[in-house]
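Below are the chains, spelled out letter by letter.
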Amino acid sequence: MKNRNLPSGTRDEFGVRAEMKEAITANLFAIFKRRGFSKLTTPILEYADVFKPLNLTNYRPYQLLDEQGEALVLRPDLTLPVARVMSTTGVELPAKWYYSGDVFRVKKQLSGSYNQLTQAGIELVGYASLKGEWECLKIALEGVAAAGITDWTLELGDARFTDAVLAALPIPEPTKNALKQALFAKDLSRYKQLCKPLADTAFEPFLNEWPWLFGSFNDVIQVVDTLPDIAALVPVISNLKQTAGFIKTQAPDQEVFLDLSIPSPQSYYTGMAFQGYTQNSSDYLFSGGRYDELLTSFQQVKEPAVGLAFDTDALVDRMPEPASADQTLIYFDTDQWQLAEATLNDTPNSTLCLADSREEAGQIATSTNRTLIDLTEGR
Ligand SMILES: N[C@@H](Cc1c[nH]c[nH+]1)C(=O)O
């Protein structure tokens, strides 16, 4: 073997970390199942076409070809495969699915982030009501709590906000597009220049704040309230306010932020989006949102849908490590297997010592800091 290195952005997982990941995945699955979700598993390989609705600059996939020369990819997302299943299998709707699996996204070299990450998530297909978003948020609160993470921020947004505001501005279409680009790129000098024709209009106070429209829910809503009436914004703001109220009833101490100055986390979102963050890290704990148009890229009929995925690796990175219990090693002769088995059953946190000699068993016990039970003693 010439190259023993791993492909960039991948890792091996073993020991405590791998066990913590298994434990949080089991906890999340228990939450999903208790709330009536069914399991859905899809392959790691899919036709590249499935992921056309993604913004591929953020999610550049690993590509390969099948035997007919068709482009395949390692899946960069788990929501699109669920949408594909929904449109090809004629499953009766509405449906509640859960899943877990690895996704692969080619990141910039040396960006320091991983190209393979594990997600565990849910998709609610066929539910148009705000109850769908709230079910996702309830699961987000429970999932993060199950990981033992207490200090985190829930960030809300809405994919419709930016376009609704831009549509109302009395400026030509190309200027609106340029303004959106400058806003998202945080190119402030260009942004200010493009806003000049709107000085002294009713939009001015809002436009002065828009690039910084991120922060605690009520502070951001106050700025939004300075806008003149925009009919398309009414349901957006009302849903956001109701949702902040819902969180208050479910988790009174939960910090809720609102970000209305960035692009939607996924190009396929059509409504509310929500993410969980801890301080000093750009990895989200979970990310989700409503995507009512996505199924139309696979089938004729439109189906409302909303979902969320936990980044299992991000949860593990922030989970408190479990206290390690005292471990015991059971040394025995080959003809004592039954006795060794009985001792194993009766002794918590024990493991059989498979060494050939008492001396080797002693060395292992010392180097791994374990107590040794010697069943050969006095033979
Ligand atoms: N697939 C999305 C998360 C999601 C699940 N359902 C809806 N959104 C992501 O990876 O960001």
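Residues numbered from 1 in each chain as written. Predicted model: local features only at pLDDT ≥ 70, side-chain atom pairs only at ≥ 80, totals over all residues. Heavy atoms only, no water.

For the protein chain, an unreviewed UniProt entry supplies the name ATP phosphoribosyltransferase regulatory subunit and the organism Secundilactobacillus paracollinoides. The Subcellular location (unreviewed entry) comment attached to the protein chain in UniProt states, word for word, "Cytoplasm". Per UniProt, the protein chain has the following entry under Pathway (unreviewed entry): "Amino-acid biosynthesis; L-histidine biosynthesis; L-histidine from 5-phospho-alpha-D-ribose 1-diphosphate: step 1/9." (UniProt positions renumbered as here; feature names shortened; annotations may be inferred.)

A. A look at the packing of helix α5 (residues 173-185) against helix α6 (residues 188-195). For the pair α5 and α6, interaxial distance at closest approach is 8 Å and the crossing angle is 150°. By the angle between their axes, α5 is roughly antiparallel relative to α6. Relative to α6, the crossing made by α5 is left-handed. Contact with α5, carried on its side by Thr175, Ala178, Leu179, Ala182 and Leu183, involves Arg190, Tyr191, Leu194 and Cys195 of α6 and no other residues of that element. (Axes fitted to C-alpha atoms, helices over the stretch in contact; angles between N-to-C directions. Helix = DSSP H or I, 4+ residues; strand = E, 2+ residues; numbered from the N terminus. Parallel < 35°, antiparallel > 145°, perpendicular 65-115°, else oblique. Left-handed = near helix turned anticlockwise from the far one by under 90°. Contact = heavy atoms within 4.5 Å.)

B. Expanded view of the sheet that holds strand β15 (residues 371-374). Spatial ordering of the open sheet is given by β14-β13-β15, a layout of three strands whose pairing is parallel. At either margin of the open sheet sits one strand with a lone partner, and together these are β14 (350-353) and β15. Averaged over all adjacent pairs, the angle separating strand axes in this sheet is 30°, with direction ignored. Alignment of strand β13 (residues 328-331) against β14, held across four bridges, turns out to be parallel. Bridge pairing links Ile330 to Leu352 in β14. Here helix α11 (residues 337-346) sits on the sheet and contacts β13, β14 and β15; the angle it forms with β14, its principal contact strand, is near 160°. (Pairing = 2+ DSSP bridges.)

C. Main features of the pairing of strand β7 (residues 153-158). For β7, the buried fraction is high: six of the six residues fall into the buried class. By the alternation rule, side chains of β7 split into Thr153, Glu155 and Gly157 and Leu154, Leu156 and Asp158, which are all buried. In this structure, β7 lies alongside strand β9 (residues 255-259), joined through four bridges in parallel fashion. Within the sheet, the bridge partner assigned to Thr153 lies in β9 and is Glu255. Sheet analysis places β7 next to strand β10 (residues 272-277), joined by six bridges and oriented antiparallel. (Buried < 20%, exposed > 50% of the residue type's maximum accessible area, 1.4 Å probe, protein only.)

D. Representation of the confidence of the model for the protein chain within the structure. Per-residue confidence for the protein chain gives a mean pLDDT of 95, with 100% of residues at or over 70. Model confidence for the complex: the whole-complex pTM is 0.94, and ipTM, which rates the interface, is 0.99. (pLDDT = per-residue confidence, 0-100.)

E. View of the side chain of Ser350. Topologically, Ser350 is positioned in strand β14. When its relative accessible area of 16% is taken as the criterion, Ser350 is described as buried. Looking at Ser350, its side chain comes within polar contact range of the main-chain oxygen of Leu344, at 3.4 Å. Excluding its chain neighbours within four sequence positions, the residues that come into contact with Ser350 are Thr328, Ile330, Thr343 and Leu344. (Polar contact = N/O pair within 3.5 Å; in protein donor to acceptor, adjacent residues only side chain to side chain.)

F. Spotlight on the nonpolar core. Ranked by internal contacts, the top residues of the largest apolar core, which has 70 residues, are Phe32, Phe161 and Trp210. Excluding its chain neighbours within four sequence positions, the residues that come into contact with Phe32 are Phe37, Tyr98, Ala120, Gly121, Ile122, Ile139 and Phe310. Counting 26 residues, the second largest nonpolar core, distinct from the first, contains Val73, Ala95, Trp97 and Tyr291. (Core = buried A, V, L, I, M, F, W, Y, C linked by side-chain atoms within 4.5 Å.)

G. Spotlight on the UniProt feature "binding site: L-histidine" (unreviewed entry) in the protein chain. Per the UniProt record, "binding site: L-histidine" (unreviewed entry) is annotated on Asp77, Leu78, Thr79, Arg105, Gln119, Glu123, Tyr268 and Tyr269. When the annotated set is filtered for residues lining the second largest cavity, what remains is Asp77, Thr79, Arg105, Gln119, Glu123, Tyr268 and Tyr269. Mapped onto the fold, Arg105 is located in the loop between β5 (95-104) and β6 (116-125). The class for Arg105 is buried, based on a relative accessible area of 5%. Once residues within four sequence positions are removed from consideration, Arg105 is found in contact with Tyr59, Arg60, Pro76, Asp77, Tyr114, Asn115, Gln119, Gln266 and Tyr284. A distance of 2.7 Å separates the side chain of Arg105 from the backbone oxygen of Pro76, its partner in a polar contact. Inspection of the secondary structure puts Tyr268 in the loop between β9 and β10. With relative accessibility at 5%, the residue Tyr268 sits in the buried group. Setting aside chain neighbours within four positions, we find Tyr268 in contact with Leu54, Asp77, Thr79, Leu80, Arg290, Tyr291 and Leu294. (1 Å grid on protein atoms, 1.4 Å probe; cavity = no way out; pocket = protein on both sides within 12 Å on 5 of 7 lines; lining within 4 Å.)

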